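Take a look at the letters that make up each chain.
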Amino acid sequence: MSRNSSYRHILKYTGLFGSLQVVNVLTSVLRNKAAAVLIEKYGQGISELFNSTINLVNTATTLVIPISIIRRLSILYEKYGCHSTTLHHEIKAIRSWNLLCGIVAMIIVIITAPLISQLTFDSPNFTRSYIFLSPMLVMLSINTTEVAILKATRRLKQLVKASLIGSISTLIICVICYYFWKLRGIVISFDLSLFVMMLLNLRQTISQYPYKLSLFNTRVLKKVTPLIKLSLSIILAAIAASLAEYIIKANISHSGSIENVGLYSAGFALTVTYTRFIFTAMDADYYPRLSACCTNLNFANVAINRQITVCTNLITPFLITFTLFLPYIIPLIYTSKYLEIQPMIVYATFFVFGKALVTPVAYLALAHGDTKTYLMIEVYAALLLSVCVTIGYNMYGLAGCGIGLTASNFIESATILILYHKLYKIRFSLTTITAAICQFVLLSTAIYIINTTNGNMKYVIAATNVALSICLSYFIFRKNDNNKS
């Protein structure tokens, strides 16, 4: 336990899995740059609203989620081997069920396209766009299933290869579509990008597991029933999160403009999406470790404390540097027209720091298999986020969105820490508390100076705080890894 939860181990896997996201982040940045230049804020706003709607429908109609698929197929893979008939039959059943769900979702979007357009854009003018986007629901169902199969059967090299090629292909497709067809290219780029990604993942799976279906065989479909029961709480939580995102963007569209939806999405991407690579290792490394030791209170506390310490120590120098060079980063990634999102990003910086502090704790409910608590917290968090960001935008515009993000995270974090302390008896070590407080002070003072001071002084203060943050991290990691606790 000590070895697997050591700071060296955590840093190793954070770097490993985080580096796999670098290409995805870079291509995402370039896609956003192309969107900012070729279809501008209005087009980017339309794109984000399309994306939110499709994700919401997909989440609401998917009854078997990847995490359940991976768990089930992994058990069969370990027990019977990759060529077993049992594994092949299970894959066939899962593919059949998810394809049916995708077809149903597509039909729902086609039938309700006028209503969706009216609710989302306050106009029926986007009805045809939603009809042409509806095939995405089938492709999403197929693609997520194949990705889950690759993960469960340990074909990670093939998955990484498909993901890298897919990211680059998506970038090329988006640039071409935006350049030649402008706003009309948004729908085309969505469909083509997902189609290419689906083919890439299918190519990796069908060589090992030929694509066979039994769409109307009830005996085969019944095999998936246990997975549906396992998925239900997580699906409802995902629906709540997608619904919150949809409500926020729809409110901005109605209260402000579609251009502001694009600006909000750009600010959110810069603040949250592009920093997620730091948290990537949690899904791949930390969560399995926590699941294995969560019943042992001492081991669980060690794992949680060390993960929090690593996350807060890694994120702080990054956020200080990011905030310092924000006036240069925004035009570089988007255009100078997007500089008005700077206040939103500054206020939302503490949202990211809060995520680093509380996310390792939030995994506890899933690790314990406590789906009711997980669902309750996720629905509460989604409601809190939508309310805080909506109120923030209505009061202070885009800057208020950043305030709302941070406020919602502060309240959610306090709730999780208090509740999980009572439920799972988590304890924070002196090292974790000291590191979190010191890093928060360094981050707060640096951001304050950066945004209130002109001239070279802000660069001196920021550089000093980054150096202090890194020195503090080194001291903590070195001291505690030498201490075999």
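What you are looking at is a predicted structure, and each value in this text was computed from that prediction instead of being measured. (Residues numbered from 1 in each chain as written. Predicted model: local features only at pLDDT ≥ 70, side-chain atom pairs only at ≥ 80, totals over all residues. Heavy atoms only, no water.)

## Some details on the overall build of the chain
Per the secondary structure count, the chain includes 21 helices and zero strands. Burial statistics for the chain: of 485 residues in total, 52% are counted as buried. For the chain, the proportion of contacts with a sequence separation of at least 24, taken over those separated by at least 6, is 83%. On the chain, roughly 22000 Å² of surface is accessible, and the fraction owed to carbon and sulfur atoms is 67%. (Helix = DSSP H or I, 4+ residues; strand = E, 2+ residues; numbered from the N terminus. Buried < 20%, exposed > 50% of the residue type's maximum accessible area, 1.4 Å probe, protein only. Contact = heavy atoms within 4.5 Å. Areas by Shrake-Rupley, 256 points an atom, 1.4 Å probe, with all protein chains shown as cover.)

## What to know about the state of the cysteines
Scanning all chains against the criterion turns up zero disulfides. Cysteine Cys174 remains unbridged, with the sulfur of Cys177 as its closest cysteine sulfur at 6.9 Å. The buried category is assigned to Cys174, whose relative accessible area is 6%. (Disulfide = S-S within 2.5 Å.)

## Description of the pattern of salt bridges
Pairing between side chains becomes possible if they bear opposite charge and their charged atoms approach one another. Here the structure, examined in full by the defined rule, presents five salt bridges. Across the pair Lys337 and Glu40 runs a salt bridge whose closest N-O atoms are separated by 3.1 Å. You can see Lys337 sitting in the loop between helix 15 (326–333) and helix 16 (342–362) and its partner Glu40 sitting in helix 3 (residues 40–61), a full 297 residues away along the chain. For Lys337, a relative accessible area of 48% corresponds to the partly exposed category. The class for Glu40 is partly exposed, based on a relative accessible area of 39%. One salt bridge connects Glu146 with Arg95, and the closest N-O pair in it is separated by 2.8 Å. Linking Glu146 in helix 7 (residues 135–152) with Arg95 in helix 5 (residues 85–121), this pair joins segments that are 51 residues apart in sequence. Relative accessible area serves as the criterion here: at 2%, Arg95 is assigned to the buried category. Connected through shared salt-bridge partners, Glu48, Glu245 and Lys249 make up one network. (Salt bridge = Lys/Arg side-chain N within 4 Å of Asp/Glu carboxyl O.)

## Considerations on helix 7
Count 3.6 residues to each turn of an α-helix, and residues three or four apart come out pointing the same way. Here helix 7 spans 26 Å end to end across 18 residues, near enough to the 26 Å set by a 1.5 Å rise per residue. Here helix 7 lies mainly inside the structure; 15 of its 18 residues are buried. Arg154 lies just past helix 7 and shows a positive phi near 65 degrees. (Expected span 1.5 Å × (residues − 1).)

## Quick look at the packing of helix 14 (residues 297–324) against helix 20 (residues 430–452)
Two elements in contact, helix 14 and helix 20, have axes separated by 10 Å at closest approach and are oriented at 10 degrees. Overall, the two elements helix 14 and helix 20 adopt an arrangement that is roughly parallel. Only Thr432, Ala435, Gln439, Leu442, Leu443, Ala446, Ile447, Ile450 and Asn451 of helix 20 make contact with helix 14, whose side of the interface consists of Asn305, Ile308, Thr309, Thr312, Asn313, Thr316, Leu319, Ile320, Thr323 and Leu324. (Axes fitted to C-alpha atoms, helices over the stretch in contact; angles between N-to-C directions. Parallel < 35°, antiparallel > 145°, perpendicular 65-115°, else oblique.)

## Considering a nonpolar patch on the surface
A surface patch of nonpolar side chains, amounting to about 820 Å² of accessible area, comprises Val23, Ile168, Ile172, Ile176, Tyr179, Phe180, Trp181, Ile188 and Leu192. Sorting elements by how many residues they give to the nonpolar patch places helix 8 (residues 156–181) first, with six residues. Position of Phe180 among the secondary structure elements: in helix 8. (Patch = residues over 30% accessible without salt bridge, like charges linked within 9 Å, V, L, I, M, F, W, Y side chains within 5 Å.)

## Quick notes on the environment of Leu227
With respect to the helices and strands, the residue Leu227 is situated in helix 11 (residues 225–255). Considering only alpha carbons, one finds Leu227 and Ile65, 162 residues apart in sequence, at a separation of 8.2 Å. Not counting residues within four places of it along the chain, the set of residues in contact with Leu227 comprises Leu63, Val64, Ser68, Arg72, Glu90 and Ile94.

## Topic: the packing of aromatic side chains
When we look at a pair of aromatic rings, we describe it by the centre distance and by the angle of the planes. Under the criterion given, the structure shown has 15 aromatic pairs. Judged by centre distance (5.1 Å) and plane angle (90 degrees), the ring pair of Tyr179 and Phe180 falls under edge-to-face. Summarising the burial analysis for this pair, Tyr179 and Phe180 share the class exposed. Ring geometry for Tyr334 versus Tyr338: centroids 4.9 Å apart, planes at 15 degrees, classification stacked. Here Tyr334 matches Tyr338 in class, with each residue buried. Three or more aromatic residues joined by ring pairs make a cluster, and in this case those are Phe50, Phe121, Phe126 and Tyr130. (Phe/Tyr/Trp six-rings, centres within 6.5 Å; stacked < 30°, edge-to-face > 60°.)

## Here's the deal with the environment of Ser74
Its place among the elements puts Ser74 in helix 4 (residues 66–80). Residue Ser74 is classed as buried on the basis of its relative accessible area of 15%. As for Ser74 and Ala152, which are separated by 78 residues in sequence, their C-alpha atoms are 4.8 Å apart. Not counting residues within four places of it along the chain, the set of residues in contact with Ser74 comprises Ala152 and Arg154.

## Some details on the nonpolar core
Ranked by size, the top nonpolar core spans 74 residues in total, and within it Phe50, Tyr130 and Tyr264 carry the most contacts. The element best represented in this core is helix 16, accounting for eight residues. With near-sequence residues (within four places) excluded, Tyr264 lies in contact with Ile248, Lys249, Ile252, Met344, Val389, Leu398, Cys401 and Leu405. The next biggest cluster of nonpolar side chains, apart from the first, holds 20 residues, and it includes Ile234, Ile235, Val358 and Tyr374. (Core = buried A, V, L, I, M, F, W, Y, C linked by side-chain atoms within 4.5 Å.)

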